[in-house]
Amino acid sequence: MISDERLKQAVHEAAEALDRSLPDPEACTYEPSPEFEARMQTLIREMGEKRERKERRRRLAHRAACLAIAVVACGGCFLGSNAQAREGLWGWIRDSFEGSQNYSFQSTPIPSGDLPAYTMDVPEEYHYVADQSIQSAEYAALTYENDAGNILALDYQYETENSSGSLSVFANEEDVQKVTVNGVSADLYVGENEESTSIVVWMDPETTALLSVTGDLPADELLALAETVRPVK
């Protein structure tokens, strides 16, 4: 029977023999093939794109979570923060405060009941992302994504007897662009560059629904998409 001490010695001797059989590290050189380099660059690029898509999903998941928890909405009837100017006005009001634009409802909530949902003409290359979307009778955050990881989203909400909330868009007053969506006053926030997400927010005066469309799109394309938003029974 071989003793434990003898086994330890045999392992030590084998390790030394293996170490002696290896070439000098300084003599070891390796030049990767162009094919290998190309595959590595592709892998690095794909990992970067996956991180970017993950970050976009995180931002949208956070948006949806805020909407679900706070029953958040975006809205129109856009006025400044002058309290006297707002007195007696009906609808959703935007106030500016320390680098953010804050939307809140300033009238009597509507009754809960048969409230129209909203839809938009999503481009065919986009698909609905269920795990990043929420929807109920009074509010929704609907998310769509294409194969390149670009995101589109439609949010809407009603201020009712059973729900209330607000939305903060992190932008300065000078970043707000006044536009119209189907003839209705709206606020447009354009991303800092082509990789940034932009958002347009407005109110449907016929239903009092507060609407927003968010997307990785140029401003003109985002506004054209917003023009397709409509209520459905």
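One can find the structure itself at the top, above this paragraph.
Residues numbered from 1 in each chain as written. Predicted model: local features only at pLDDT ≥ 70, side-chain atom pairs only at ≥ 80, totals over all residues. Heavy atoms only, no water.

K.L.:
Explain the overall build of the chain here, please?
P.N.:
Looking only at helices and strands, the chain has four helices and 13 strands in total. With 233 residues in all, the chain has 38% of them scored as buried. Look at the contacts in the chain between residues 6 or more apart in sequence, and 55% of them connect residues 24 or more apart. When the accessible area of the chain is evaluated, it comes to approximately 14,100 Å², of which 53% is carbon and sulfur surface. (Helix = DSSP H or I, 4+ residues; strand = E, 2+ residues; numbered from the N terminus. Buried < 20%, exposed > 50% of the residue type's maximum accessible area, 1.4 Å probe, protein only. Contact = heavy atoms within 4.5 Å. Areas by Shrake-Rupley, 256 points an atom, 1.4 Å probe, with all protein chains shown as cover.)

K.L.:
Whenever I open this one, the packing of aromatic side chains confuses me. Can you help?
P.N.:
Given two aromatic rings, their pairing is described by the distance between the two centres and the angle made by the two planes. Summed over the entire model, instances satisfying the criterion amount to two aromatic pairs. Between Tyr-118 and Tyr-156, the ring centres sit 5.4 Å apart and the planes meet at 50°, which makes this aromatic pair tilted. Here Tyr-118, found in strand β3 (residues 117-119), pairs with Tyr-156, found in strand β7 (residues 151-157); they are 38 residues apart in sequence, far enough to count as distant. (Phe/Tyr/Trp six-rings, centres within 6.5 Å; stacked < 30°, edge-to-face > 60°.)

K.L.:
Help me understand the environment of Thr-180 in this model?
P.N.:
Along the chain, the position of Thr-180 falls in strand β9 (residues 177-181). Overall, the relative accessible area of 48% leaves Thr-180 in the partly exposed class. Ignoring anything within four residues of it in the chain, the contact list for Thr-180 reads Ala-186 and Glu-227.

K.L.:
I keep staring at the pattern of salt bridges and nothing clicks. Help me out?
P.N.:
Pairing between side chains of opposite charge can happen when their charged atoms approach one another. Following the criterion strictly, the structure yields four salt bridges and no others. For Asp-187, the salt bridge is made with Arg-94, and the minimal N-O distance between the two is 2.6 Å. Taken together, the residues Asp-187 in strand β10 (residues 184-189) and Arg-94 in strand β1 (residues 92-97) connect sequence positions 93 residues apart. For the residue pair Asp-187 and Arg-94, the accessibility class agrees, reading buried in each case. Arg-230 is paired through a salt bridge with Asp-121; the nearest N and O atoms lie 2.9 Å apart. Here Arg-230, found in strand β13 (residues 230-232), pairs with Asp-121, found in the loop between β3 and β4 (127-128); they are 109 residues apart in sequence, far enough to count as distant. (Salt bridge = Lys/Arg side-chain N within 4 Å of Asp/Glu carboxyl O.)

K.L.:
Which parts of the structure should I look at to understand the sheet that holds strand β8 (residues 166-169)?
P.N.:
To summarise the sheet geometry, strands pair through backbone hydrogen bonds and adopt either a parallel or an antiparallel arrangement. Taken in spatial order, the three strands make up an open sheet running β1-β2-β8, and their pairing is antiparallel. Every other strand in the sheet has two partners, leaving β1 and β8 as the edge strands with one partner each. For this sheet the average axis-to-axis angle between neighbouring strands, irrespective of direction, equals 20°. Note that β1 and strand β2 (residues 100-105) share six bridges and pair antiparallel. Across the sheet, Ile-93 pairs through a bridge with Ser-104, a residue of β2. (Pairing = 2+ DSSP bridges. Axes fitted to C-alpha atoms, helices over the stretch in contact; angles between N-to-C directions.)

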